Amino acid sequence: MKALNTKTPYFFIAPALLLLGLFSLFPIVVALVISFTDISLESLGDWSSIRFVGLENYLEVFKDPIFMKSLFNTLFYVIIGVPLVIICSLAIALLINFGKARIFRAFRVIFYMPSITNVVAVAVVWSYLYNPQLGLFNYVLNFLHLPSIPWLTDPTMSKVSLIALAVWRGIGVNMIIFLAALQGIPKTYYEAAQLDGATNWKQLTKITIPLLRYAIFFVSITTMIGWLQFFEEPLVMTKGGPLDSTTSVALFIYRNGFQLSNFGYASAGSFVLFIAIIVITLLQFRLQKKEVDY
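The rules behind the values
- Residues numbered from 1 in each chain as written.
- Predicted model: local features only at pLDDT ≥ 70, side-chain atom pairs only at ≥ 80, totals over all residues.
- Heavy atoms only, no water.
- Axes fitted to C-alpha atoms, helices over the stretch in contact; angles between N-to-C directions.
- Helix = DSSP H or I, 4+ residues; strand = E, 2+ residues; numbered from the N terminus.
- Contact = heavy atoms within 4.5 Å.
- Core = buried A, V, L, I, M, F, W, Y, C linked by side-chain atoms within 4.5 Å.
- Buried < 20%, exposed > 50% of the residue type's maximum accessible area, 1.4 Å probe, protein only.
- Polar contact = N/O pair within 3.5 Å; in protein donor to acceptor, adjacent residues only side chain to side chain.
- Phe/Tyr/Trp six-rings, centres within 6.5 Å; stacked < 30°, edge-to-face > 60°.
- Lys NZ or Arg CZ within 6 Å of the ring centre and 35° of its normal.
- Arc of directions from axis to C-beta.

Engineer: Would you mind going over the packing of helix α3 (residues 65-98) against helix α12 (residues 249-259) with me for this structure?
Structural biologist: Each pair of packed helices can be summarised by the angle the axes make with each other and by the distance between the axes. For the pair α3 and α12, interaxial distance at closest approach is 8 Å and the crossing angle is 145 degrees. Touching I66, F67, S70, L71 and T74 of α3 are V249, F252 and R255, all from α12.

Engineer: Whenever I open this one, the nonpolar core confuses me. Can you help?
Structural biologist: Soluble globular proteins tend to bury their nonpolar side chains together. Among the nonpolar cores identified, the biggest contains 53 residues, and F178, W227 and M237 are the most heavily contacted of them. The element that contributes the greatest number of residues to this core is α3, accounting for 11 residues. Not counting residues up to four positions away in its chain, the partners in contact with W227 are T74, Y77, V78, G81, V82, V85, I163, A166 and V167.

Engineer: Before we go on, may I ask you to explain the side chain of R169 in this structure?
Structural biologist: Structurally, R169 can be placed in helix α7 (residues 155-183). Judged by its relative accessible area of 18%, R169 is buried. A polar contact of 3.4 Å, which involves the side chain of R169, links it to the side chain of E233. If we ignore the near neighbours within four places in the chain, the residues touching R169 are P114, S115, T117, V119, V122 and E233.

Engineer: Would you mind going over the packing of aromatic side chains with me for this structure?
Structural biologist: How two aromatic rings sit relative to each other is given by the distance of their centres and the angle of their planes. Applying the stated rule across the entire model yields 18 aromatic pairs. The interplanar angle of 35 degrees and the centroid separation of 6.3 Å between the aromatic rings of F36 and F52 together place this pair among those described as tilted. Here F36 is found in the loop between α1 (2-34) and α2 (56-63), whereas its partner F52 is found in the loop between α1 and α2, with 16 residues between them in sequence. One aromatic cluster is present, built from ring pairs that chain together W126, Y130, F137, W151 and W168. One Lys or Arg, R213, reaches over the ring of Y214 and ends 4.7 Å from the middle of that ring.

Engineer: Explanation requested: unusual backbone geometry in the structure shown.
Structural biologist: Most peptide bonds take the trans form, and the phi angle of most residues other than glycine is negative. Cis rather than trans, the peptide bond between G241 and P242 has omega equal to -5 degrees. Residue K239 is not a glycine yet carries a positive backbone phi of 60 degrees. With respect to the element layout, K239 can be found in the loop between α11 (232-237) and α12. K239 gets classed as exposed once you look at its relative accessible area, which sits at 56%. Backbone geometry at S261 places phi at a positive 60 degrees, although glycine is not the residue there. Along the chain, the position of S261 falls in the loop between α12 and α13 (263-293). Look at S261 and you get buried, because its relative accessible area is 14%.

Engineer: I'm lost on α2 in this one. Help?
Structural biologist: Since there are 3.6 residues in each turn of an α-helix, residues three or four apart along the chain are aligned in direction. For α2, the full list of buried residues reads N57, Y58 and V61. Along α2, the residues classed as buried sweep out an arc of 100 degrees about the axis, all on the same side. Those residues of α2 that are exposed and angled more than 90 degrees off the buried face are L59 and K63.

Structural data, given as structure tokens:
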């Protein structure tokens, strides 16, 4: 009976483990194997033509100027986009949580709606807003007697434009997470601080931010992973242009895998991205552990 009881938990989690292995772990192993071959669309009809090429795909990936440019673009997205999303979502969550007016309740829906709206539909609408001749943004600039901006045609400005859209879409989910964490902070802490004469800024920096440490850490991890996989916005709005200035690593993988049918080459690129995500995540966990120990 005792042996049966020790095996019971594994019996209940077995279906979840089976699905995880079948749809997550198994595809990763298959992709890893494919990355060491020259498999293509033609090879799927004749498996005997598939050759084992070793590390050739990985060496070619790092020699590819477009891949190196996509790495730089993705790094640009992460460095600019991740802090903006975290700061904006935290600021809005604080505003909604401590706001007294009824309008702040409506703000929850207003800021959350973009995150659940279809990304393709959003990208199409923003493409019209960014239109150099007919777009709303340039119309407002011209109305203020300011020159038009090439939102999606300038290499640098196009990246900034995509980041603006992605930040607008990414605020909602993180805002909800921060709101849940804020509402879990006991009110007595603020009451005691007010009795001691602490200003609002002191309450924010000495009570709110420190107690949101784990929420900020969680949001940082998930947001970082999401931006490293930045894909939908450049695919729909710019197709990676102009001159591959908005091509992300995920878009590079998509092109080679689904458009050019170079599955082995695309798998090698995907594992470079996979390893980068693992390394960055582990570094963040290490830094968080050091802060907690301190």
